[in-house]
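What follows is each chain in one-letter form.
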Amino acid sequence: MTEQTENATRLARPLIRLAKLVGVATSYVGMSHDYHEIEDDVLVAVLKALGIDASNDGAIEQSMESILRDCRSRLVAPTVLHTVGKPSKVLVNVGVLEAPQASITLEDGSEFAGKIAYGAGDGSIHEIDDTFVSTSSVILPEGLPAGYHTLHVRVGERTQDATVISAPEKIELLDDMKEGSLWGWMSQLYSIRSNGSWGVGDYEDLKTLLVESKRRTGADFMLINPMHAAEPVPPLTPSPYLPISRRFINFSYIRPESVPEYATLNPDGKKQVDELHARVEPLNGDAQVIDRDAMWRAKMHALWIIFTSGRTAERQAQFKEYLAGCGDELESYATWCLCYDKWGAPNGRPDNWERMFNRDSVEIRELRDRFPDTLEFYRWLEWVATEQLHAAQQAAREAGMKIGIVADMAVGVHPSGSDVWWNPERFAKGATVGAPPDMFNQQGQDWSQPPLNPIALERTGYKVYRDMVHGMFANAGAVRIDHILGLFRLWWIPEGKKATDGTYVYYDSDVMLGVLALEASRAGGVVVGEDLGVVPPYVSKSLSAHGILGCAVEWFEQFDGEFRAPHDWRPYALASVNTHDMPPAAGYLEYGHVKLREQLGLLSGPVEEFRASATAEHNAMLNMLVEEGYLDKAALRDELANENEIVDALYRGLKGSPCKLMAASIVDAVGEKRTQNQPGTNNEYPNWRIPLADGKGNLVPLEELFDQPRLQEIAAIMRG
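Residues numbered from 1 in each chain as written. Predicted model: local features only at pLDDT ≥ 70, side-chain atom pairs only at ≥ 80, totals over all residues. Heavy atoms only, no water.

Caption draft 1: Seen up close, the domain arrangement of the protein. As far as domains go, the protein holds domain 1 (8–70), domain 2 (74–167) and domain 3 (175–323 + 389–424 + 464–491 + 507–719). A straight line from the C-alpha centre of domain 1 to that of domain 2 covers 30 Å. (Domains from an automatic or database assignment.)

Caption draft 2: Looking closely at the environment of L457. Following the sequence through the fold, L457 ends up in helix α15 (residues 454–459). The exposure class of L457 is buried, given its relative accessible area of 2%. A sequence separation of 50 residues divides L457 from Y507, and the C-alpha atoms of the two residues are 9.2 Å apart. Excluding residues within four positions of it along the chain, L457 makes contact with T79, L452, Y462, V464, Y465, Y507 and M512. (Helix = DSSP H or I, 4+ residues; strand = E, 2+ residues; numbered from the N terminus. Buried < 20%, exposed > 50% of the residue type's maximum accessible area, 1.4 Å probe, protein only. Contact = heavy atoms within 4.5 Å.)

Caption draft 3: Region of interest: the side chain of N423. Looking at the secondary structure, you find N423 in the loop between α14 (418–422) and β15 (431–435). Note on N423: relative accessible area 5%, which makes it buried. Side chain to side chain, N423 and E425 meet in a polar contact 3.1 Å long. Contact partners of N423, with chain neighbours within four places excluded, come to R359 and S418. (Polar contact = N/O pair within 3.5 Å; in protein donor to acceptor, adjacent residues only side chain to side chain.)

Caption draft 4: Examining the side chain of R480 more closely. For R480, the position within the fold is in strand β17 (residues 478–481). At 3.4 Å, the side chain of R480 forms a polar contact with the side chain of D482. Once residues lying within four places of it in the same chain are set aside, the contact partners of R480 are L223, Y241, V406, A407, D408, M409, V528, E530 and H580.

Caption draft 5: Structural context of unusual backbone geometry. The omega torsion across P234 and P235 is 5°, close enough to zero to call that bond cis. Backbone geometry at D560 places phi at a positive 55°, although glycine is not the residue there. As for its placement among the helices and strands, D560 is situated in the loop between β22 (558–559) and β23 (562–563). Residue classification places D560 among the exposed residues on the basis of a relative accessible area of 67%. Notably, W688 is not glycine yet its phi reads approximately 60°, a positive angle. Tracing the backbone through its elements, the reader meets W688 in the loop between α23 (666–670) and α24 (702–705).

Caption draft 6: Helix α10 (residues 328–343), seen in detail. In a regular helix each residue adds 1.5 Å, so 16 residues correspond to 22 Å; α10 covers 22 Å between its end C-alpha atoms and thus fits that length. With 12 of 16 residues buried, α10 is to be regarded as a mostly interior element. Burial in α10 covers these residues: E329, L330, E331, S332, Y333, A334, T335, W336, C337, L338, C339 and Y340. Immediately beyond the C-terminal end of α10, within one or two residues, lies G344, with a positive phi of roughly 95°. (Expected span 1.5 Å × (residues − 1).)

Caption draft 7: Molecular detail of empty space enclosed by the protein. All chains considered together, the criterion is met by five cavities of 30 Å³ or more. If you add up the space inside the largest cavity, you get close to 200 Å³. Around the largest cavity, the lining is made up of 21 residues, and of these R246, V411, G486, L487 and L490 lie nearest the centre. Residues of the lining of the largest cavity, tallied by class, amount to 15 nonpolar, four polar and two charged. Empty space within the second largest cavity amounts to approximately 160 Å³. Taken together, 19 residues make up the lining of the second largest cavity; nearest its centre are A230, T237, P238, P240 and N250. Among the elements of the structure, β12 (228–229) and α8 (292–308) are those that each provide at least two residues to the lining of the second largest cavity. Residue composition of the lining of the second largest cavity, by class: 11 nonpolar, six polar and two charged. (1 Å grid on protein atoms, 1.4 Å probe; cavity = no way out; pocket = protein on both sides within 12 Å on 5 of 7 lines; lining within 4 Å. Points joined across faces, edges and corners; volume = space filled by probe spheres on them. Nonpolar A, V, L, I, M, F, W, Y, C, P; charged D, E, K, R; others polar.)

This is the structure we're talking about:
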């Protein structure tokens, strides 16, 4: 069947040409192969969010002329990609009878001593201001080392620099993954509490989880929820996928008693901290809901006591070294925290500090001068959090884990967070990120996050993205990229529009994947891309070419109502039975997703229709498990009585795949049935606030976790 496309008349329209020129999709094909052409008003609004005027015919023509002039008049693109071990051709705009000269300053500040060659351009000739412009090229040699370098280009009297991202062609598999696979657990850290927790799982609990999962089950990694930075004071946003900043980490996960200065507190200070802990200790026993706000009110007070007790000269020197390494980026988050602390939460009103002031405002400088200790406190919290997360990863590697922490990278950031407030020029203004309608959410999704501006990314050498990826690999053995399709294209929803009324905006995926390859290779790490949903074939091909693993979710591995046998899954993937957006295995088998969506009014059609579809899917899965020998057919006579056996069969199926990484879910291992997150909801459901409990609702504390018979049974399957 020929795929439907736009006709010649539509393609000739100036608005369509302008949109395509800057990577804005004017049509798309949905998950059900349904074809859509984007309405003009959506295109105009998305272009405006990119800083491009398309409000009328004259503006459209002027915008196109300006964009083309800029591209043709500059000497070289601001960011160029080089593949290590191969020569790379970089186009240079030159005048008639002109030739470029070039040199390279390496990342360490030294001059590249290798030979730089020159060649022909692409044959194009353009006229700008009565002057003809053609192209030549600079050939970056195959011997250029990996790193972030600066290319200096001279043509006559004109000079221009470009950032060179010199990256490996692909990420090499870990030795243990080349001929086999590794397995580990996936968990929501906040949900797993110990006796030492303050009501929410923390970095010390993570250290225990990592070490004990290796010692007691043989696991080689732990995939956890995003650890990105959050608000400084309650109320805290429950979702780890709506962070304040992706550059820094969440200091609410600090364990106060693990801060070195706690051990040297005077008796009165230590007593105060212990009393604060005792006040929230009962939260650890609540099996119904996580109370982050109560936890943080007590913990923040305790950490202030520890902070004000002072540090040894050695510790202070370490702190200063950390601050020097962070530079101005930490000031953005610490200052935002100070403003939030003293002036309250951003609320979107014109008279709110987040709207009235920016990083250069006199009022901001005065606030920083007025409260230097509080500002330093927020810097210190980030340092301590980084130390504790890093210590957990170190403990995992010392325990023998091949990977350790698999960190999760959210798609974007909170629209009123520090990243957006301090550096608004990095983001599109007037649009949010989401997803078009699909079989899992028929109304589409609006995640409320402003997208990074691809034009600004290129102009700045992708520095904000490079720093974020580098920071994540500093404390993890692998990084999972949520919605990795966003490195190729993101669904932008103009302000005031519904999630269905958006379009895709394209990014330079080669450059962004190159950054991932460079940072992962430097760290000896692994990258996993969550590539579920509507993913064009070229995306999967590109991820594989770069050595980036995709995701294979057993319940999603189906086509035309039939489930693929696990042995037919792709090897380059992280395999799991489910995701955090689904009920655990036992809950899914009992149609928990149908009941919850009906209860919350998330269905666009009759519930009977959705229930029938879920029943057909359920039966098809069990039939596949039986046919492939993972499940005894006799178990189907009484599914509820044999639920554990069916869950085991799902994991036996997982082990039957060739996937290089396989993850067992902690919630499945204890029999939990409640979902952690229901997409399309906010406070209608306690998303990201479900404590770890068994199928009967009994709390499962960390001290008892690895003694659970079901956990050991699933671990035995994964080891087999």
